[in-house]
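Residue strings, one per chain:
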Amino acid sequence: MATPKQLWEQQQLQMQRVKNSGAIVSYNGSPVDDKEEEMSRSALAIFRVKEEEIERKKMEVRDKVQAQLGRAEEASKRLAEIREEKEYKEAVEALNEKNREKAQLLSRLMELVGESEKMRMKKLEELNKHVETLR
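Residues numbered from 1 in each chain as written. Predicted model: local features only at pLDDT ≥ 70, side-chain atom pairs only at ≥ 80, totals over all residues. Heavy atoms only, no water.

Colleague: Teacher, can you tell me more about the layout of surface pockets here?
Modeller: Empty space left among the atoms is revealed by rolling a probe the size of a water molecule over them. Taken as a whole, the second largest pocket holds about 220 Å³ of empty space. Put simply, the parts of the chain that give the lining of the second largest pocket at least two residues each are helix H1 (4–19) and helix H2 (34–134). At seven residues, H2 tops the list of elements feeding residues into the lining of the second largest pocket. Its residues placed into classes, the lining of the second largest pocket shows eight nonpolar, three polar and two charged. (1 Å grid on protein atoms, 1.4 Å probe; cavity = no way out; pocket = protein on both sides within 12 Å on 5 of 7 lines; lining within 4 Å. Points joined across faces, edges and corners; volume = space filled by probe spheres on them. Helix = DSSP H or I, 4+ residues; strand = E, 2+ residues; numbered from the N terminus. Nonpolar A, V, L, I, M, F, W, Y, C, P; charged D, E, K, R; others polar.)

Laid out in structure tokens, this is it:
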């Protein structure tokens, strides 16, 4: 099994061969044999397939990320709406509680006013009796 460095070197060599495929000649000036040319074309085809696979996977990942971002955004909007609804309900409940307290206080005030009026009338009657006895 080749090491990653060896694989990389092989790919670099194949890429160099592919780049030179338009004018393939050996160092002594003679044309390269068909087998080597076929290997170069094969390497180019393998390289292109790998590049296409990488691009396809990249697009798949991009689509998945975009979909996840869309779902996260929708969830965020739903949470915001729920939070607003919850805050609204809490505000309404607080208002209702204040109205109940107000009604209780008003009721107690009316009781006290009634008691005060009774006491005032009682004192007036006592004062009236006292004035009548003095005459």
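Colleague: Help me understand the pattern of salt bridges, please; the structure alone is not making it clear to me.
Modeller: Close approach of charged atoms allows side chains with opposite charge to pair. Using the criterion set out here, one finds 11 salt bridges in the structure. Of the charged contacts, one joins Glu 60 and Arg 56 as a salt bridge, the two residues approaching to 2.1 Å between their closest N and O atoms. Taken together, the positions of Glu 60 and Arg 56, both in helix H2 and four residues apart, correspond to about one turn of that helix. On the accessibility criterion, Arg 56 (38% relative accessible area) is partly exposed. For Lys 77, the salt bridge is made with Glu 73, and the minimal N-O distance between the two is 3.7 Å. Within this pair, Lys 77 and its partner Glu 73 are both found in helix H2, separated by four residues, close to a single helical turn. Lys 77 sits in the partly exposed class, given a relative accessible area of 42%. Note on Glu 73: relative accessible area 47%, which makes it partly exposed. Each member of the salt-bridge network shares a partner with another, and the members are Glu 53, Arg 56, Lys 57 and Glu 60. (Salt bridge = Lys/Arg side-chain N within 4 Å of Asp/Glu carboxyl O. Buried < 20%, exposed > 50% of the residue type's maximum accessible area, 1.4 Å probe, protein only.)

Colleague: Hey, could you run me through H2 in this one?
Modeller: Since the α-helix packs 3.6 residues into each turn, any two residues three or four apart lie on the same face. Helix length check: H2, at 101 residues, gives a terminal C-alpha distance of 147 Å against a target of 150 Å (1.5 Å per residue), a fit within 8%. All buried positions along H2 are accounted for by Ser 40, Ala 43 and Leu 44. (Expected span 1.5 Å × (residues − 1).)

Colleague: What is the right way to look at a negative patch on the surface in this model?
Modeller: Side chains of Glu 74, Glu 81, Glu 84, Glu 87 and Glu 90 sit close together on the surface and give a patch of like negative charge. Mapped onto the elements of the fold, Glu 74 is located in helix H2. (Patch = residues over 30% accessible without salt bridge, like charges linked within 9 Å, V, L, I, M, F, W, Y side chains within 5 Å. Areas by Shrake-Rupley, 256 points an atom, 1.4 Å probe, with all protein chains shown as cover. Lys, Arg positive; Asp, Glu negative; His and termini not counted. Charge placed at Lys NZ, Arg CZ, Asp CG, Glu CD.)

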